[in-house]
Every structure is written in C-alpha cells, then in structure tokens.
Amino acid sequence: MPKTKTISRFNVGDKVRVCSGVSNPDYDDLAIGGWVGTIAEVQKGTPPTLLVRWSKQTLKKQSSIYRKRCERDGFDGNEMWLAKVDLEP
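Definitions and limits used
- Residues numbered from 1 in each chain as written.
- Predicted model: local features only at pLDDT ≥ 70, side-chain atom pairs only at ≥ 80, totals over all residues.
- Heavy atoms only, no water.
- Buried < 20%, exposed > 50% of the residue type's maximum accessible area, 1.4 Å probe, protein only.
- Helix = DSSP H or I, 4+ residues; strand = E, 2+ residues; numbered from the N terminus.
- Arc of directions from axis to C-beta.
- Contact = heavy atoms within 4.5 Å.
- 1 Å grid on protein atoms, 1.4 Å probe; cavity = no way out; pocket = protein on both sides within 12 Å on 5 of 7 lines; lining within 4 Å.
- Points joined across faces, edges and corners; volume = space filled by probe spheres on them.
- Nonpolar A, V, L, I, M, F, W, Y, C, P; charged D, E, K, R; others polar.

Glancing now at helix 2 (residues 64-73). Turning to helix 2, its buried residues are Tyr66, Arg69 and Cys70. Down the axis of helix 2, the buried side of the element spans an arc of 100°, and every buried residue falls inside it. With respect to the buried face of helix 2, the exposed residues turned more than 90 degrees away are Lys68, Glu71 and Arg72. In the core, the buried residues of helix 2 are packed alongside strand 4 (79-83).

In structure tokens:
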C-alpha cells in the first residue's frame with residue numbers, strides 16, 4: 001500500500017508554496033502552481049482556508065493580465081485566500 005502524504009497544519013508565519021496544477025480560485029484560466037508566500041491568517045472551517053501573502057519573487061512573476069484583473073475586480077494581488085489542500089510547506 002503506498003504511503004499517503006500527510007498535510008501538516010499551517011500556522012501564521014509559515015512559508016508555503018502552491019501545489020502544482022492549482023488554478024487561481026477567482027480566475028480558473030490562470031495557473032498559480034509554484035507561487036510562494038507566507039501564511040498571514042488562518043480561517044478555520046470546512047474546508048479551512050489560509051490567507052497567503054505573496055513573496056517579492058512571486059509578485060515579480062505575476063502576469064500583467066492577473067494584475068489588471070485584480071485591479072478591475074477590486075482584489076488585492078498581493079495576497080489570496082486558498083484552501084489548505086492547495087498548499088505545501
């Protein structure tokens with residue numbers, strides 16, 4: 001039987017990376033796998049969600065399309081709420 005990966009509990013201040021294959025929850029045509037940041041807030045619930053503040057490197061790599069959509073729709077492109085299952089340490 002193969003081992004299953006245990007997803008650790010994330011806490012404020014933890015550094016995380018978005019898992020490969022994950023799309024932006026607001027713009028499903030934009031892949032965000034590999035983006036890195038720091039947990040800024042944890043919302044317990046089903047499923048738990050985490051506010052990730054993007055690293056400087058990730059902010060530099062964000063596409064102009066993403067930044068324009070965020071501006072148009074009133075989103076903060078510097079952070080994003082994601083499900084715990086979409087993240088890895």
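Here the focus is the layout of surface pockets. Considering only enclosed or pocket space, the largest pocket measures out at about 150 Å³ in volume. Lining the largest pocket are Asn24, Pro25, Asp26, Leu51, Tyr66, Cys70, Phe75, Asp76, Glu79, Met80 and Trp81. The biggest single contributor to the lining of the largest pocket is strand 4, with 3 residues. Among the residues making up the lining of the largest pocket, the classes are represented as 7 nonpolar, 1 polar and 3 charged.

Keep in mind these values describe shape, not function.
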